[in-house]
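Listed below, chain by chain, are the residues.
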Amino acid sequence: MVRSENTNNLKLRNMKKLSLVILLFISTMLFAQEKPLNDAVLESKFVDIKGNEISFVEILGKHKGKKVVLEIWASWCSDCVAAMEKVKELQKKHPEVDFVFISMDKSFKAFQDGVEKHQLKGDHYFSKTPWKESEFAKNINLDWIPRYLVLDESGKVLLFKAVKPDDEKLINILNE
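Residues numbered from 1 in each chain as written. Predicted model: local features only at pLDDT ≥ 70, side-chain atom pairs only at ≥ 80, totals over all residues. Heavy atoms only, no water.

**What to know about helix 7 (residues 168–175)**
Among the residues of helix 7, those classed as buried are Leu170, Ile173 and Leu174. Around the axis of helix 7, the buried residues are gathered within 95° of arc, so they sit on the same side. Turned more than 90 degrees away from the buried face of helix 7 sit Glu168 and Asn175, all of them exposed. Taken together, the buried residues of helix 7 touch strand 3 (68–73), helix 4 (78–93), strand 6 (147–151) and strand 7 (157–162). Among the residues of helix 7, the N-terminal cap falls to Asp167, whose side-chain oxygen and the backbone nitrogen of Lys169 are separated by 2.8 Å. (Buried < 20%, exposed > 50% of the residue type's maximum accessible area, 1.4 Å probe, protein only. Helix = DSSP H or I, 4+ residues; strand = E, 2+ residues; numbered from the N terminus. Arc of directions from axis to C-beta. Contact = heavy atoms within 4.5 Å. Polar contact = N/O pair within 3.5 Å; in protein donor to acceptor, adjacent residues only side chain to side chain.)

As structure tokens, this is what we get:
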């Protein structure tokens, strides 16, 4: 009888621990959407289409007072290329929103060629640092491209992560 009671108590404790782990995981996923852009992200350097270096905070400054959709992409990324028509549709539906594109292409030439080929309207920047080494990518937990973030008029992150331009959360934020 005592052994059975101990086994039941152990099972109950293990279930409580598992429930706590699951609850923490779900909470983390729900609140991950509201991550701020830290100093490492804001200080990250990029290159504009003309070859001029610019920091991320300067990029954001150019769009102060406007809602911004930030897309991180690369011309070699088939998912990125496949999403471009939907991005163009978003741009048509939301002309009041600024679109900023950050390329994780492997070379500046590939970046320039990709911008030329796909004709996406907005500001375009190239990450000189490879994706896996980029402080920008590490600090926004970039694990997939394309990746979309939405910022409000003051630069506050409204949506930290979407991987499709027709993501319901992204659409709802733009429609607000």
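**Topic: the confidence of the model for the protein chain**
Per-residue confidence for the protein chain averages 85 on the pLDDT scale, and 80% of its residues sit at or above 70. The model gives residues 18–34 a pLDDT under 50, and that stretch makes eight contacts with residues more than four places away or in other chains. (pLDDT = per-residue confidence, 0-100.)

**So, the nonpolar core**
Core analysis: the biggest nonpolar cluster contains 48 residues, and Leu37, Phe56, Ile72, Ile102, Phe136 and Ile140 have the highest contact counts within it. Leaving out residues up to four positions away in the same chain, Ile140 has contacts with Leu37, Val41, Ile72, Arg147, Leu149 and Phe160. (Core = buried A, V, L, I, M, F, W, Y, C linked by side-chain atoms within 4.5 Å.)

**Description of the side chain of Ser134**
By the element assignment, Ser134 lies in the loop between strand 5 (123–126) and helix 6 (135–139). Once residues lying within four places of it in the same chain are set aside, the contact partners of Ser134 are Met104, Ser127 and Thr129.

**Things to note about the environment of Asp143**
If you trace the backbone, Asp143 turns up in the loop between helix 6 and strand 6. Judged by relative accessible area, which is 47%, Asp143 ranks as partly exposed. Along the backbone, Asp143 and Trp131 are 12 residues apart, and their C-alpha atoms lie at a distance of 9.5 Å. Residue contacts for Asp143: discarding those within four places in its chain leaves Trp131 and Lys161. Side-chain polar atoms of Asp143 contact the side chain of Lys161, separated by 3.0 Å.

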